[in-house]
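Chain residues, written in single-letter form:
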Amino acid sequence: MARSDIIFLHAPSVYDFRKKPIFYGPVSDVIPSSPVFEMYPIGFMTISSHLEAAGFRTRIVNLAVQMLQDDRFDVEKRIRSLKADVFAIDLHWMPHVHGATEIAKLVKECHPDSKIEFGGLTASYFWEELIRRPEVDMVMMGDTTEEPTVRMMAALQEGKNLSEVPNLVWKDDQGKIRNNGITHSLESLDEIRFDYGMMIKNAIRHMDIKGALPWYGWDKLPLTSVFSVRGCSLNCAECGGSSYANGKVVCRKAPAYRSPEKLAEDMDTIQSYLDTPIFVVGDIRQHGGDYAERFLKEAKERKIKNHVVIELFNGAGDDHFSKLDKAFDGGWSIEFSPDSHDEEVRSALGKGYTNAAIEASVGSAFRNGCTRFDLFYMTGLPFQTRESALDSAKASKKLWNLVKKDDGLFIYNAPFAPFVDPGSRVFEEPDKWGYSFFARTLEEHKRLLENPSWKHVLSYETKWMDRNAIAETSYDAAVELASMEYECSRISAEVFEQRKERTETARSLMRRIDDIMTVQNKEDRESRLWEIKEEGVRLMNSTVCDKNSLDWKAGSIWRNSPRVLAGLIRRPSG
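Criteria and thresholds
- Residues numbered from 1 in each chain as written.
- Predicted model: local features only at pLDDT ≥ 70, side-chain atom pairs only at ≥ 80, totals over all residues.
- Heavy atoms only, no water.
- Phe/Tyr/Trp six-rings, centres within 6.5 Å; stacked < 30°, edge-to-face > 60°.
- Helix = DSSP H or I, 4+ residues; strand = E, 2+ residues; numbered from the N terminus.
- Buried < 20%, exposed > 50% of the residue type's maximum accessible area, 1.4 Å probe, protein only.
- Lys NZ or Arg CZ within 6 Å of the ring centre and 35° of its normal.
- pLDDT = per-residue confidence, 0-100.
- Contact = heavy atoms within 4.5 Å.
- Expected span 1.5 Å × (residues − 1).
- Polar contact = N/O pair within 3.5 Å; in protein donor to acceptor, adjacent residues only side chain to side chain.
- Pairing = 2+ DSSP bridges.
- Axes fitted to C-alpha atoms, helices over the stretch in contact; angles between N-to-C directions.
- Core = buried A, V, L, I, M, F, W, Y, C linked by side-chain atoms within 4.5 Å.

**Q** Mind laying out the packing of aromatic side chains, listing which residues take part and the relevant values?
**A** Tallied over the entire structure, the rule returns 20 aromatic pairs. Seen in terms of ring centroids, Phe366 and Phe373 are 6.4 Å apart; in terms of plane orientation they differ by 40°. Their pairing is tilted. Judged by centre distance (5.4 Å) and plane angle (50°), the ring pair of Phe427 and Phe437 falls under tilted. Highlighted residues: Phe427 in helix H16 (residues 425-428) and Phe437 in strand E16 (residues 435-437), separated in sequence by 10 residues. Owing to a relative accessible area of 1%, Phe427 belongs among the buried residues under this scheme. Given a relative accessible area of 18%, Phe437 falls into the buried group. Ring-pair connections join several aromatic residues into one group, and the members of that group are Tyr125, Phe126, Phe416, Phe427, Tyr435, Phe437 and Tyr460. The ring of Phe438 has Arg467 sitting right over it, with the charged end atom 3.6 Å from the ring centre.

Quick look at the structure:
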């Protein structure tokens, strides 16, 4: 197999999840990937693009996807077959801490002379713990690390000292830890390469399209993204991407935006390869009205025919939605996360808009041509009681009654997260927000992931709901939401009963695991957990929500093959 200069490896949340009796529960019901969290960060693509442009040979290997594709997939065999000077492992999201660190150990065993690098927001926060691990040679900190990584690779290839590489923590030849500090933080994203063509070419070069998929099933229902911003102007208390968290974790003083013209160009590039929905990350109004106006004007001129998914960070009205409708020839959808229907809870989080603003936004969007509107509520938030969480599910009825029955309004209600984001205000000041934590360090979070039930993986509980209440309320809210959907004639009685039965089965399984965990004999306990493994796997996706409703209609990448080939010819690398 051809040698690469650097290989980007994405690990599953837990290694090896196939050999452990784990009941994941509803922790990933509202994201594209499974509870294995097999979706790798967009940084894999952008960093690879910069490295390829600088003459380095790169490869992306999604081990988590391959483990999901085939129960017999031999991870160690695959790692041994890979050849690279550097293996880069992402630790962007905290739920990957177990898989990422275990894969790092395996890579070091198989390739003792290769360097192992970590990167991502979580890696940036926990760099001190990571660099002390014997298998870790380097940690790249920050959120715009494309050029620092190029400089790191150049220094390694030329045999130079790494002390001049910005953002890098590393071990010298004597094993002493060196920290170069975060000195590279772009103020504009215009120099970042968002090149899906590079990703496609790389997969073809290595004849490994399935092994490089962004997440399991992406080849059948692809979704692409463009980024308007890194960082954020908002300060939501629970968010690891908030203004506060960015300042603390990656030393970002202000958001870095991609110019409206570049953003539209990114979308045009994607549509030259794929007829797939394009998710615009970040509210395009965040940088002011002029930014949004310029972006929509440029998108219209470029005739973007792919379906476009737009984020809202607060309410919007006819003026904004009518402009979206005029700009995108292929239609558009909305993603909106109020998190709670309780205005006091939402205000405490840092989201100051009213329920009236949410209701007005939903109605206005569909009046102005919106194809679908996804709205998300969460359980386990600061100042949220059980009653408050259930009221969010009940409030969905009013929203559904505001629109026509065939309008694509989808409302989701799921647990807040398995872990609270490190660097967020809640993580840093738990007492202020009514939280207590079962894990603070990287290693403590890793140990939590070894629990057989999602309830005991939760790293937190609040003054208003303990772990058990958060779990039970999550299931209660799911049943309530399905009931509201049925009462609004948006699902049939049969579908309602199926959803309710699946939720109650999941709840029962969680309680059975609770009982099993009281068994003192370890062998007996493990044996009983394995007896319910298959049932847990069956419930792994769509535990409390119909996850299929998250899918946008799109042609598979195989159906897109003629367009892909034409795009590769029209847009050579460079």
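**Q** Lay out the confidence of the model for the protein in plain terms, naming residues and giving numbers.
**A** Summarising the model, the protein shows a mean pLDDT of 91, and 92% of its residues fall at 70 or more. pLDDT under 50 marks residues 562-566. Its contacts with residues more than four places away, or in other chains, come to 9 contacts.

**Q** Talk me through helix H20 (residues 467-487); I want residue IDs and the actual numbers.
**A** Across its 21 residues, H20 extends 30 Å between first and last C-alpha, which sits within 8% of the 30 Å expected from 1.5 Å per residue. Burial analysis of H20 places 15 of its 21 residues in the buried class, the great majority of the element. One side-chain oxygen at the N-terminal end of H20 lies 3.2 Å from the backbone nitrogen of Asn468; it belongs to Asp466. Positive phi shows up at Ser489, right after H20, with a value of about 60°.

**Q** Can you explain the sheet that holds strand E8 (residues 224-227)? Please cite residues and give values.
**A** Strand order in the open sheet formed by 6 strands is E8-E11-E12-E13-E14-E15, with parallel pairing between adjacent strands. Every interior strand has two partners, whereas the edge strands, E8 and strand E15 (408-415), have only one. For this sheet the average axis-to-axis angle between neighbouring strands, irrespective of direction, equals 25°. Judged from the 4 bridges that link them, E8 and strand E11 (residues 278-281) form a sheet pairing that is parallel. Across the sheet, the residue bridging to Val226 is Val280, located in E11. Contacts from helix H10 (residues 260-273) reach E8, E11 and strand E12 (308-312) within the one sheet, and its direction differs from that of E8 by about 160°. The strands touched by helix H14 (residues 355-367) are strand E13 (332-339), strand E14 (372-379) and E15; relative to E14, the strand with the most contacts, the crossing angle is about 155°.

**Q** Account for the sheet that holds strand E4 (residues 115-119), naming residues and giving values.
**A** The mixed open sheet is built from 7 strands, whose spatial order is E2-E1-E3-E4-E5-E6-E7. If you trace the sheet from one side to the other, it starts and ends with strand E2 (58-62) and strand E7 (177-179), each paired once. For this sheet the average axis-to-axis angle between neighbouring strands, irrespective of direction, equals 20°. Of the pairings in the sheet, the one linking strand E5 (residues 138-140) to strand E6 (residues 168-171) comprises 3 bridges and is antiparallel in character. Note on E6: the bridge partner recorded for Met138 is Trp170.

**Q** An account of the nonpolar core is needed here, citing residue identities and associated values.
**A** With 88 residues, the main nonpolar core has Phe328, Ile334 and Phe373 as its most contacted residues. Among residues more than four places away in sequence, those in contact with Phe328 are Met267, Phe295, Leu296, Ala299, Ile304, Val308 and Ile310. The next biggest cluster of nonpolar side chains, apart from the first, holds 76 residues, and it includes Phe87, Met378, Trp454 and Met465.

**Q** Give a detailed account of the side chain of Asp283, specifying residues and quantitative values.
**A** Along the chain, the position of Asp283 falls in the loop between E11 and helix H11 (289-301). On the basis of relative accessible area, Asp283 is assigned to the buried category, the value being 4%. At 2.7 Å, the side chain of Asp283 forms a polar contact with the side chain of Arg285. Polar contacts involving the side chain of Asp283 include one to the main-chain amide nitrogen of Phe313, which spans 2.7 Å.

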